[in-house]
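Observations on the three-dimensional arrangement
What follows is each chain in one-letter form.
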Amino acid sequence: TSAAHGVRTHASSCTDSDKPKVLITGGLGQLGVGLATSLRRRFGKFNVILSDIRKPPNHVYKNGPFIFSDILDYKNLRQIVVNNNISWLVHYSAVLSAVGEHNVALAKEVNITGFHNILDIATEHGLRVFVPSTISALGPSSPKDPTPDLCVQRPRTIYGVSKVHAELMGEYYHQRYGLDFRCLRYPGIISADSQPGGGTTDYAVQIFHAAVKSGQFECNLRSDTRLPMMYIDDCIRATMEFLEAPEDALVSRTYNINAMSFTPQDLTREIQKVLSDFTVTYNVDPVRQVIADGWPKALEDSAARQDWGWRHEYNLPELVQTMLTHITLGNK
Ligand code: AKB
């Protein structure tokens, strides 16, 4: 078994010819490097290619292949898939919720046009394609506590609209062309050594760094805003296990996954159990607050648990202990 991000791997080891060649787009976001590390432990360093349009820090080059790939450039993407014999594509490029509201044109381009390129390339080359959806694919008229897999989806952000589009297009391509499309609805993801960029749940990452560094934090969501959240190790393990699930186990192509739910106030109290002098003030960002108010409070994930064995390991106390330990050690 592999220790990377707590990933449990199947007892039977893959032979070389079984091993997928994986391309990860948007590899320098919050999740790419962590997923690449886990996939490389399982399938080998050179079978996982991380890509983005920016130059990464040196350690990223040292850990395995990194290349330039622009999902808006169809030819570039196709060339990468062909030249590297790619069989699985993990599509992490996206403009997140808060940034998307400030730049709708960019979000539309990256999240919708870019995704069309991914779908076409994946269909053309018979790839397994994983695309995360999130709590953003739900909206104010969706049932909220908990939100089932199948329900009304009328999100009010361009990011959310693009995620519903991705869920529907992926499922359509699966049923129409047999594309091996796989999609998980992620909660807000919390990680110690990678930063989210421009989301609504970002406060739940930033608060830990502030608690360790300065002992105070200004929160941009109201203190009672309850949202579904997940520690990165659970998210990466879910993604690995779902990617490896046999096709006949998948009753559906889009699944909710859930771990814990908390408000900024709950999180503050839990951090104060370790850092008793920690203080939080509130300066609400109206754009983020409206977005958060329309999102689920919890996701109903019994189908994921039943069909392919999903279970989370981190609840709020373990999350807080682990985050504070990682950040404190990382700062030394
Ligand atoms: C965001 O806040 O935009 C993301 C998400 C929940 O999809 N973290």
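Residues numbered from 1 in each chain as written. Predicted model: local features only at pLDDT ≥ 70, side-chain atom pairs only at ≥ 80, totals over all residues. Heavy atoms only, no water.

Let's shift gears to the packing of helix H3 (residues 74-83) against helix H5 (residues 104-124). Closest axis-to-axis distance for the H3/H5 pair is 10 Å, and the angle between their directions is 35°. Seen from above, H3 lies across H5 with right-handed handedness. Of the residues in H5, those touching H3 at Tyr74, Leu77, Arg78 and Val81 are Asn117, Ile118, Asp120, Ile121 and Glu124. In the contact of H3 with H5, the residues fall into five nonpolar, one polar and three charged. (Axes fitted to C-alpha atoms, helices over the stretch in contact; angles between N-to-C directions. Helix = DSSP H or I, 4+ residues; strand = E, 2+ residues; numbered from the N terminus. Left-handed = near helix turned anticlockwise from the far one by under 90°. Contact = heavy atoms within 4.5 Å. Nonpolar A, V, L, I, M, F, W, Y, C, P; charged D, E, K, R; others polar.)

Turning to the confidence of the model for the chain, a few remarks are in order. Per-residue confidence for the chain averages 95 on the pLDDT scale, and 95% of its residues sit at or above 70. Here the predicted complex carries an ipTM of 0.99, next to a pTM of 0.94. (pLDDT = per-residue confidence, 0-100.)

With that out of the way, let us pick up the site of the ligand. By nearness alone, every residue bordering the ligand is listed as Leu96, Ser97, Thr134, Ile135, Tyr159, Gly199, Thr200, Thr201 and Trp295. Within the side chain of threonine 134, a nitrogen or oxygen atom sits 2.9 Å from an oxygen atom of the ligand. Between threonine 201 and the ligand, the recorded distance is 2.9 Å, taken from a side-chain N or O atom to a nitrogen atom. Protein contact buries 94% of the 250 Å² of open area that the ligand shows by itself. Tallied by class, the residues present in the shell around the ligand amount to four nonpolar, five polar and no charged. (Near = heavy atom within 4 Å. Polar contact = N/O pair within 3.5 Å; in protein donor to acceptor, adjacent residues only side chain to side chain. Areas by Shrake-Rupley, 256 points an atom, 1.4 Å probe, with all protein chains shown as cover.)

Quick look at the pattern of salt bridges now. Scanning all chains against the criterion turns up 17 salt bridges. For aspartate 234, the salt bridge goes to arginine 237, with nearest N and O atoms at 2.8 Å. A residue pair is termed a helical-turn pair when its members lie 3 or 4 positions apart in one helix, as aspartate 234 and arginine 237 do in helix H8 (residues 232-244) at three residues. Neither aspartate 234 nor arginine 237 differs from the other in exposure class; each is buried. Residue glutamate 241 is joined to arginine 237 by a salt bridge in which the shortest nitrogen-to-oxygen separation is 3.5 Å. Taken together, the residues glutamate 241 and arginine 237, both in helix H8 and four residues apart, mark about one turn of the helix. Neither residue differs from the other here; glutamate 241 and arginine 237 are each classed as buried. Each of Arg128, Asp180, Arg182, Glu247 and Arg253 takes part in salt bridges that share partners, so that together they form one network. (Salt bridge = Lys/Arg side-chain N within 4 Å of Asp/Glu carboxyl O. Buried < 20%, exposed > 50% of the residue type's maximum accessible area, 1.4 Å probe, protein only.)

Attention shifts here to the packing of aromatic side chains. Applying the stated criterion to the full structure yields eleven aromatic pairs. Centre to centre, the rings of tyrosine 92 and phenylalanine 130 are 6.5 Å apart; their planes meet at 85°, and the pair counts as edge-to-face. Here phenylalanine 130 lies in strand S5 (residues 128-134) and tyrosine 92 lies in the loop between strand S4 (88-91) and helix H4 (97-102), a separation of 38 residues in the sequence. Of the two residues, tyrosine 92 and phenylalanine 130, both sit in the buried class. Considering the side-chain rings of tyrosine 172 and tyrosine 173, the 6.1 Å spacing of their centres and the 70° angle between planes classify their relative orientation as edge-to-face. Ring pairs connect the aromatic residues Tyr92, Phe130, Tyr186, Phe242, Tyr255 and Trp308, which therefore count as one cluster. (Phe/Tyr/Trp six-rings, centres within 6.5 Å; stacked < 30°, edge-to-face > 60°.)

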